[in-house]
Amino acid sequence: MRLSDFFDKHGDIRVEVETDDDVLDLRTGRLDLAIRYGPQSAANEEAEILVSDRYIPVSLADQPETGAQDSRLLGYRWRNADMGGPTWEEWFKEAGETFPPDRITRFSDESAAFNALDQGLGLLLSSSVLVDEGLKSGRYRQIQGPELHGFDYCLVLNPLSRNKHGVKIFAEWLRQAAEPA
């Protein structure tokens, strides 16, 4: 999903993007909608699933092909540890292989791990949604092995503003942008 597509089609609609790890109460009226990431059951409002995520190992496409067992592994700490997000340990268990703890470099956040991936420092177990464009463009390559279940990207509309023209247009654009190509 690229906001530039929305702006090209609907440049007259004002969009403000606010990112926050906290689940903000939409009923305060400050926000018109939210895209929440996590188990749908965790949403306390009426949530509509846009995309169900999965976690896959990826490398830069121009790196030599090696298996995960023989590669440097890149990981990161989940900001919300209670979510229990997918890990390399789980991936190796699913693959029926021994996890090599001495081969992993953990970063404090996901963006730093992506930076390391982009520098060719190893394989990253990543959200399929976040690497989709890179896979399509040929920048990244998926490594053979299991895919782990991720969470859902859910659209939640503020009941106080869900009928505003701009909110309806943006929500519909999000739904269309989330459809598989």
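This text follows the structure it describes.
Everything numeric here is computed off the predicted structure, so don't read it as measured data. (Residues numbered from 1 in each chain as written. Predicted model: local features only at pLDDT ≥ 70, side-chain atom pairs only at ≥ 80, totals over all residues. Heavy atoms only, no water.)

This next bit is on the nonpolar core. Judged by nonpolar contacts, the single largest core of 26 residues is most densely connected at Leu73, Trp88 and Leu124. Of all the secondary-structure elements, those providing two or more residues to this core are strand S2 (47-60), strand S3 (73-76), helix H2 (88-95), helix H3 (110-118), strand S5 (123-127) and strand S7 (148-157). Aside from chain neighbours lying at most four places away, what touches tryptophan 88 is Pro57, Ala68, Leu73, Leu74, Gly75, Phe99, Ile104, Leu123, Leu124 and Leu125. In terms of nonpolar packing, the next biggest core, distinct from the first, is built from 14 residues, Leu50, Val51, Leu155 and Ala178 among them. (Core = buried A, V, L, I, M, F, W, Y, C linked by side-chain atoms within 4.5 Å. Buried < 20%, exposed > 50% of the residue type's maximum accessible area, 1.4 Å probe, protein only. Helix = DSSP H or I, 4+ residues; strand = E, 2+ residues; numbered from the N terminus. Contact = heavy atoms within 4.5 Å.)

Taken as a whole and assessed by the stated rule, the structure comprises 11 salt bridges. A salt bridge links lysine 136 to aspartate 132, with the shortest nitrogen-to-oxygen separation between them at 3.1 Å. Of the two residues, lysine 136 and aspartate 132 both sit in helix H4 (residues 128-137), 4 residues apart, roughly one turn of that helix. For aspartate 132, a relative accessible area of 30% gives the class partly exposed. Two residues, arginine 175 and glutamate 172, come together in a salt bridge whose shortest N-O distance is 3.5 Å. (Salt bridge = Lys/Arg side-chain N within 4 Å of Asp/Glu carboxyl O.)

Across the 10 residues that make up S7, a large majority, 8, are buried. Pairing analysis gives 6 bridges linking strand S1 (residues 33-38) to S7, with the strands arranged antiparallel. Paired with alanine 34 across the strands is valine 156, a residue of S7. Two strands pair when backbone bridges link them, and S2 and S7 are joined in this way by 7 bridges, in the antiparallel orientation. Across the sheet, glutamate 48 pairs through a bridge with leucine 155, a residue of S7. (Pairing = 2+ DSSP bridges.)

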